[in-house]
Amino acid sequence: VFAPSIAWIAFLPVPIIAWLSFFNQERAAPDYATSSESGSLLNSQLINNLEASTTVKSFGAEEYEIDRIRRLSEAYRLSNRRIDTRASAYGQTVRGCAMLSLVGILLAGGLDVLTGALSFENFNGLIGVPSLVLWKLPAFGEAVDQYQQTVAALRRVLDVRSLPVESGTTGQRLDVAKVKGEMVLDEVTF
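Residues numbered from 1 in each chain as written. Predicted model: local features only at pLDDT ≥ 70, side-chain atom pairs only at ≥ 80, totals over all residues. Heavy atoms only, no water.

## Describing the packing of helix α1 (residues 4–11) against helix α2 (residues 13–51)
Any two packed helices are characterised by how steeply their axes cross, that is the angle between the axes, and by the distance between the axes.
Here is step 1: Put simply, α1 and α2 touch, their axes get as near as 5 Å, and they point 15 degrees apart. The angle between α1 and α2 falls in the class roughly parallel. Here α1 contributes Ile9, Ala10 and Phe11 to the contact with α2, which in turn contributes Pro13, Val14 and Pro15.
Here is step 2: Class assignment for the residues of the contact of α1 with α2 results in six nonpolar, no polar and no charged. (Axes fitted to C-alpha atoms, helices over the stretch in contact; angles between N-to-C directions. Helix = DSSP H or I, 4+ residues; strand = E, 2+ residues; numbered from the N terminus. Parallel < 35°, antiparallel > 145°, perpendicular 65-115°, else oblique. Contact = heavy atoms within 4.5 Å. Nonpolar A, V, L, I, M, F, W, Y, C, P; charged D, E, K, R; others polar.)

## Brief notes about the side chain of Gln45
Here is step 1: Following the sequence through the fold, Gln45 ends up in helix α2.
Here is step 2: Residue class for Gln45 comes out buried when judged on its relative accessible area of 11%.
Here is step 3: A polar contact is formed between the side chain of Gln45 and the side chain of Glu65, at a distance of 3.2 Å.
Here is step 4: In this view, Gln45 contacts Glu65, Arg68, Ile69 and Leu72; residues no more than four positions away in its chain are not counted. (Buried < 20%, exposed > 50% of the residue type's maximum accessible area, 1.4 Å probe, protein only. Polar contact = N/O pair within 3.5 Å; in protein donor to acceptor, adjacent residues only side chain to side chain.)

## Focus on the packing of aromatic side chains
Here is step 1: In total, this model carries one aromatic pair according to the counting rule given.
Here is step 2: Look at Trp19 and Phe23: their rings are 5.1 Å apart centre to centre, the planes differ by 15 degrees, and that puts the pair in the stacked class. Taken together, the residues Trp19 and Phe23, both in helix α2 and four residues apart, mark about one turn of the helix. (Phe/Tyr/Trp six-rings, centres within 6.5 Å; stacked < 30°, edge-to-face > 60°.)

## Brief notes about the nonpolar core
Here is step 1: In this structure, Ala3, Ile6, Ala10, Leu102, Ile105, Leu118, Phe123 and Ile127 together form the largest nonpolar core, which totals eight residues.
Here is step 2: Listed in part, the five residues of the second largest apolar core include Ile17, Leu20, Tyr90 and Cys97. (Core = buried A, V, L, I, M, F, W, Y, C linked by side-chain atoms within 4.5 Å.)

## A closer look at unusual backbone geometry
Trans peptide bonds make up most of the peptide bonds, and negative phi angles are found at most residues other than glycine.
Here is step 1: Despite not being glycine, Glu187 shows a phi value in the positive range, around 55 degrees.
Here is step 2: Given a relative accessible area of 75%, Glu187 falls into the exposed group.

## Observations concerning a nonpolar patch on the surface
Here is step 1: There is a patch of nonpolar side chains on the surface, built from Met183, Leu185, Val188 and Phe190 and spanning about 580 Å² of accessible area.
Here is step 2: Mapped onto the elements, Val188 comes out in the segment after α5 (120–161). (Patch = residues over 30% accessible without salt bridge, like charges linked within 9 Å, V, L, I, M, F, W, Y side chains within 5 Å. Areas by Shrake-Rupley, 256 points an atom, 1.4 Å probe, with all protein chains shown as cover. Salt bridge = Lys/Arg side-chain N within 4 Å of Asp/Glu carboxyl O.)

## Focus on helix α4 (residues 62–115)
Here is step 1: Over its 54 residues, α4 runs 78 Å from end to end, which matches the ideal 80 Å to within 8%, given 1.5 Å per residue.
Here is step 2: Gly116 sits one or two residues past α4 and shows a positive phi near 90 degrees. (Expected span 1.5 Å × (residues − 1).)

## Details of the pattern of salt bridges
Here is step 1: For the structure shown, the criterion picks out six salt bridges.
Here is step 2: With a shortest N-O distance of 2.8 Å, Glu65 and Arg68 are connected by a salt bridge. Taken together, the positions of Glu65 and Arg68, both in helix α4 and three residues apart, correspond to about one turn of that helix.
Here is step 3: For Arg68, a relative accessible area of 24% gives the class partly exposed.
Here is step 4: With its nearest N and O atoms 2.6 Å apart, the salt bridge here joins Arg71 to Asp67. Within this pair, Arg71 and its partner Asp67 are both found in helix α4, separated by four residues, close to a single helical turn.

Printed below as a string of structure tokens:
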């Protein structure tokens with residue numbers, strides 16, 4: 001039995017959710033890049049502090065370094081909060097669209113069953129298929145989210161790969177016996 005009114009109601013959210021996914025993807029891209037950069041800065045500062053703990057202590061800079069880690073940690077937390085807020089809003093919107101569609105199917109199909117235009121057995125079979133599709137749509141958003149994270153990570157890798165590299169084959173070795181001179185450190189501070 002063919003029920004076009006129920007099919008329209010069932011699949012109406014699909015283009016809306018697809019549009020929302022791509023819209024969310026475009027808006028989330030800068031947030032993922034910021035989060036990745038903030039996390040990288042925090043990690044590198046933590047490593048530097050751990051490796052140079054003796055130096056930090058010798059200069060009495062513990063409070064300064066703790067404050068710097070706090071600021072970097074807060075920036076990282078805020079960037080992740082933006083991502084989480086956007087992802088949560090997107091997920092709830094997708095679920096809301098799916099729920100509205102399901103309610104529409106129940107109402108339209110229920111009215112068709114009550115008026116006799118559709119048998120209950122056929123309606124029962126029709127309600128299962130669209131609901132399976134609609135409840136799988138949030139996974140589409142999660143896939144877009146994972147894609148965005150992967151693109152942000154790939155950009156960082158490509159940025160590192162695009163840095164200039166000094167060739168090990170150019171230049172010439174100095175004969176240590178012939179090297180004479182001195183090294184002058186002028187206006188250098190520590």
